[in-house]
Amino acid sequence: GTFSVTASKTVGVPVERLFEAFVDAKLRRRWLPGAKMRERTSERGRSARFDWGNGSTRVNVGFLAKGKAKGQVGLEHVHLPDARSAEKVKAFWRERLEALKALLEG
């Protein structure tokens, strides 16, 4: 597919904690239950790339420190098959990043 979506969120935790929320499968399940993500590559505190689901789409995640106790996560979900899927996936990521923020700041 040629469709992709992006989403981002600033969270009141150090960027390293945000990174862990993606690469640590146990922690990831707390805000992204049921999702099948297989890590392809990562650079600690900076980026991570994952195969999503059956591997037909990918999730690329970047992390940016916004001070000692605040970080930003930006993600791109690529290779989506059509515009309808892209719309659903964008709404999904908005909701899940909100859940991530609630978990880490709670």
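**Student:** I tried to follow the side chain of His77 on my own but got confused; where do I start?
**Tutor:** Positionally, His77 belongs in strand β5 (residues 71-80). When its relative accessible area of 1% is taken as the criterion, His77 is described as buried. Of the polar contacts made by the side chain of His77, one reaches the side chain of Thr57; its length is 2.9 Å. If we skip the residues at most four places from it in the chain, His77 touches Phe3, Ser4, Val5, Trp52, Thr57, Arg58, Val59, Val89 and Trp93.

**Student:** It is not clear to me how the side chain of Arg96 should be interpreted in this structure. Could you clarify?
**Tutor:** Along the polypeptide, Arg96 turns up in helix α3 (residues 83-105). By relative accessible area, which is 15% here, Arg96 ends up buried. Here the side chain of Arg96 touches Trp31 through a polar contact of 2.4 Å, landing on its backbone oxygen.

**Student:** How should the nonpolar core be read in this particular structure?
**Tutor:** Among soluble globular proteins, nonpolar side chains are generally buried collectively. With 29 residues, the main nonpolar core has Phe22, Phe63, Trp93 and Leu100 as its most contacted residues. At the level of elements, β1 (3-11), α1 (15-23), α2 (25-31), β3 (47-52), β4 (57-65), β5 and α3 are the ones that each hand at least two residues to this core. The residues contacting Phe22, other than those within four sequence positions of it, are Arg28, Trp31, Met37, Phe50, Val61, Phe63, Val73, Leu75, Leu97 and Leu100.

**Student:** Whenever I open this one, the environment of Glu16 confuses me. Can you help?
**Tutor:** Secondary-structure assignment places Glu16 in helix α1. Residue Glu16 is classed as partly exposed on the basis of its relative accessible area of 47%. Along the sequence, Glu16 and Ala69 sit 53 residues apart, while their C-alpha atoms lie 9.8 Å from each other.

**Student:** Looking at this structure, I do not really get the sheet that holds β4. What am I missing?
**Tutor:** Strand pairing in a sheet relies on backbone hydrogen bonds, with the paired strands running either antiparallel or parallel. Taken in spatial order, the five strands line up as β1-β5-β4-β3-β2 in an open sheet, and their pairing is antiparallel. The open sheet has two edge strands with one neighbour each: β1 and β2 (37-43). Neighbouring strand axes in the sheet, compared pairwise and without regard to direction, differ in orientation by 15° on average. Sheet analysis places β4 next to β5, joined by eight bridges and oriented antiparallel. Looking at β5, one finds that Val61 is bridged to Leu75. Strand contacts of α1: β1, β2, β3, β4 and β5, with the helix running at about 165° to β4, the strand carrying the most contacts.

**Student:** Hey, could you run me through the environment of Lys68 in this one?
**Tutor:** Structurally, the position occupied by Lys68 is in the loop between β4 and β5. Spatially, the C-alpha atom of Lys68 lies 19 Å from that of Leu100, the residues being 32 residues apart in sequence.

**Student:** In this structure, what is going on with unusual backbone geometry? I would like to understand it.
**Tutor:** Of note, the phi angle at His79 is positive, near 70°, even though the residue is not glycine. Along the polypeptide, His79 turns up in strand β5. Taking the relative accessible area as the measure of exposure, His79 reaches 37% and is therefore partly exposed.

Cut-offs and rules
- Residues numbered from 1 in each chain as written.
- Predicted model: local features only at pLDDT ≥ 70, side-chain atom pairs only at ≥ 80, totals over all residues.
- Heavy atoms only, no water.
- Helix = DSSP H or I, 4+ residues; strand = E, 2+ residues; numbered from the N terminus.
- Buried < 20%, exposed > 50% of the residue type's maximum accessible area, 1.4 Å probe, protein only.
- Polar contact = N/O pair within 3.5 Å; in protein donor to acceptor, adjacent residues only side chain to side chain.
- Contact = heavy atoms within 4.5 Å.
- Core = buried A, V, L, I, M, F, W, Y, C linked by side-chain atoms within 4.5 Å.
- Pairing = 2+ DSSP bridges.
- Axes fitted to C-alpha atoms, helices over the stretch in contact; angles between N-to-C directions.

None of the figures reported here should be taken as evidence of function without further support.
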